[in-house]
Structures are given as C-alpha cells and as structure tokens.
Amino acid sequence: LRRALGEEIEVETVVAGGLWNTFADPLQIENALLNLAINSRDAMNGAGRLTIEVGNAFLDDSCSRTHPEVKAGQYVVLAVTDTGSGMTEEVKEQAFEPSFSTKPEGKGTGLGLSMVYGFVKQSGGHVKIYSQAGEGTTIKLYLARSFRSEDHVSAADTVATTGGTETILVAEDDEGVRTTVIEMLTDFGYYVLKAKDAQSALTVIESGAHIDLLFTDVVMPGPLKSPQLVRMARARPPDIAVLYTSGYTEDSIVHGGRLDPGLELLSKPYTREELARKIRHVLTNRPQGGGAAADAAAPHSTPADPRHAETAGKLKLLLVEDDAFYKIN
Ligand SMILES: Nc1ncnc2c1ncn2[C@@H]1O[C@H](COP(=O)(O)OP(=O)(O)OP(=O)(O)O)[C@@H](O)[C@H]1O
Ligand SMILES: [Mg+2]
C-alpha cells in the first residue's frame, strides 16, 4: 500500500477485537483493498488520510427488507475511508458498473470497483458505498462470517522447499505424469510407492505398508473413485495425510472453486518447487489424531531407519499377479 499511495497519504488501521473469521481468497482480499486504496489516492489527489477498519457486523431483517439483495446475518466488515472528493449520486449509482470511470482516458479502465463487487458477491457478501460530493468516501465490504477455524499460519507458500524422508503413495493414472512425480519425490528424499488407479492404491494401503501421505489424482479410471479411496485410507490408523491433484478446476471435490473442508489440492500443472512446498505443507499439518496410538502399536524405533524398523528382520512382500502359477509359488 505504501508504495501505491505515496508519501503524502496518512494510513490508519483500526482492527476490532474479537474479530470473526471469513472464508475468502487472501489474494483477492489484497487485490480488493489495493483497488479501493488506489481509488482513494486518486480521489484525494495524492494527499489526505486513508482509514482501513475491520470489524464484526450483524445485518438484520430490516436491512434485507430495504435492500433485497442483502441477506441478514453476521459479517466481517472491511471498510476503507478517505478524505477525498467524494461521489455525486450519479457516480455512486454507476460506480460498480464494468468500465464506468470518470478518469481521463488511459488513467482508469473502470474495472476496479466492478472486480471488487464481483469478488465480494462471489464470497456471499455485500458492498456499500457511503459518499457525498466534497465529503469523502467510505466503501464497506461485508464478508460473510465463517465458523471454520483459522487456517494454519504455515501457508503453503511460506514453507521452505525442503524434502523429507516420509513415505508417499502416488496414485496417478497418467504414466508420464506418474513417472515424473515419482522422480521428483525420490529426488526430494521421500520413499515412494506407486499405484495406477484408486483400486491398486487401496491394495497397497491394505497391505499394511507404512504410508505417511497419499498423493492422489482426483479423476482416475476404475470402479473405485478417489474420494472413496481417501475415505477408506483415512479410516485406517495411523492418520494418513492426503493431497489431491487435478487438472480440472471443477470436479468432485472442488465446489465453486472451494475445497471441501480439510482437503488439500495441488492443481496441475505444477512446478517442482510447488510440489515440494505443498507436500511439506500437508505433511507438517497432517492430522495427529491416530498418530500417538499408532506409535504405541508400532514403535518407529531406531534413528538409523525410523521408517522400516518394524519390518526389520521379517519382510512382508506384496505380490500382485494374475497368473495363478506365480501366485502358488
Ligand atoms: N474513493 C473514491 N472517491 C471518489 N470517487 C470514487 C472513489 N472510488 C471510485 N470512485 C469513482 O468510481 C469510478 C469507478 O471506479 P473504478 O475503480 O471501478 O474505476 P477507475 O478507478 O476509474 O478505473 P480503474 O480502477 O480500472 O483504474 C471512478 O472513476 C470514480 O469516479
Ligand atoms: Mg479504480
């Protein structure tokens, strides 16, 4: 904001205590805030005061009666106030329209507020302009309250791109993709198991092999679907971390661009670095519920080989073979 606003604009932030949560894309919030701040800068001709406030609000039925598009309920409000020129009624009425701008050609596309409007509506919220010509402007974004807990601070993109020594089961039907992923994960230091569909992934899991993370494609051929595989894998202690990957933006686990709670997704195509980060992120934040019980049942003992200590001495072999001759022998 500092860079966008220049030296002559004073910025004040007021954050209310006991703030509720909302569910939105942080990048879109940043973008909306930046758009509002730049509008304010222009309206103040580069000098004045910008106030950013965040607080809780309850919109009641009387509010939704006068504004039919407004749903009564609890909201987190992000308000941006400036000491600029303000808006006439006429400008206010058209401000959200795509390509409406009062700025000289080349200065404004008129898309700023319409994008803010689109984003807020998409996340189930409302936008309201309070302004009068000569009196400055306040724009309030009402973002629907979410009852989900706050996301982990270790957002995927702040985690270092390091590898690890955990065991990862890769379920991927595309042979090319599978080979590349396995190569990368092995490079990062992980121990990798592979499966070409959900059914064979389940066989590997049911063999009792120790698996820390299941990395599975969302859409694969075969009777067993990935979400079912994940449900069955998670039902077995110890808790297994799950990372989905998909080339589609909309499919069985993604609803309107949102993941079901508790699911992690790495969209294809991804870079080597993105893969490393996301895998580490998911492993770090994996559910710890069954972990302790599992540790007690199968202690991962010697530091020399923590992973396979329980199998030292006696090795289990999983044979997958359709020829009866080999099965018997
Ligand atoms: N804080 C504000 N004070 C006064 N007028 C404003 C303010 N914010 C927006 N407006 C008015 O609303 C119009 C539309 O704003 P919007 O952000 O959509 O487009 P723009 O700023 O003109 O162009 P762009 O954002 O694409 O660079 C502006 O041209 C301006 O007339
Ligand atoms: Mg703008």
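What comes next concerns the included structure. Just so it is clear, the model here is predicted, and its values are computed rather than measured.

1. Some words on the packing of aromatic side chains
Within this structure, the stated rule accounts for three aromatic pairs. Where tyrosine 75 meets tyrosine 142, the ring centres are 6.0 Å apart and the plane angle is 90 degrees; that geometry is what we call edge-to-face. With tyrosine 75 in strand β4 (residues 73-82) and tyrosine 142 in strand β6 (residues 137-146), the pair connects residues that are 67 residues apart, well separated along the chain. Residue classification places tyrosine 75 among the buried residues on the basis of a relative accessible area of 4%. Relative accessible area serves as the criterion here: at 10%, tyrosine 142 is assigned to the buried category. Directly above the ring of tyrosine 130 sits lysine 128, whose terminal nitrogen or CZ lies 5.3 Å from the centroid. The aromatic ring of phenylalanine 23 is capped on one face by arginine 148, whose charged end is 4.4 Å from the ring centroid.

2. What to know about the sheet that holds strand β10 (residues 241-246)
Reading across from one edge, β8-β7-β9-β10-β13 is the order of the five strands in this open sheet, with parallel pairing throughout. Across the chains shown, the open sheet's two edge strands, defined by having one partner strand only, are β8 (191-195) and β13 (265-267). This sheet shows a mean twist of 20 degrees between the axes of neighbouring strands, independent of strand direction. With four bridges joining them, strand β7 (residues 167-171) and strand β9 (residues 213-217) adopt parallel strand pairing. Looking at β9, one finds that isoleucine 168 is bridged to leucine 213.

3. Considerations on the site of ligand 1
Residues in close proximity to ligand 1 total 19 residues, the closest being Ser101, Thr102, Lys103, Thr109 and Leu113. In this structure, an oxygen atom belonging to ligand 1 sits 2.5 Å away from a side-chain N or O atom of threonine 102. Taking leucine 113, its main chain carries an N or O atom lying 2.8 Å from an oxygen atom of ligand 1. When contributions to the shell around ligand 1 are tallied by element, the ones reaching two or more residues are α2 (26-43) and α5 (112-122). With three residues, α2 is the largest single contributor of residues to the shell around ligand 1. For the shell around ligand 1, the residue count by class is seven nonpolar, 10 polar and two charged.

Procedures and definitions
Residues numbered from 1 in each chain as written. Chains lettered and ligands numbered in written order. Predicted model: local features only at pLDDT ≥ 70, side-chain atom pairs only at ≥ 80, totals over all residues. Heavy atoms only, no water. Phe/Tyr/Trp six-rings, centres within 6.5 Å; stacked < 30°, edge-to-face > 60°. Helix = DSSP H or I, 4+ residues; strand = E, 2+ residues; numbered from the N terminus. Buried < 20%, exposed > 50% of the residue type's maximum accessible area, 1.4 Å probe, protein only. Lys NZ or Arg CZ within 6 Å of the ring centre and 35° of its normal. Pairing = 2+ DSSP bridges. Axes fitted to C-alpha atoms, helices over the stretch in contact; angles between N-to-C directions. Near = heavy atom within 4 Å. Polar contact = N/O pair within 3.5 Å; in protein donor to acceptor, adjacent residues only side chain to side chain. Nonpolar A, V, L, I, M, F, W, Y, C, P; charged D, E, K, R; others polar.

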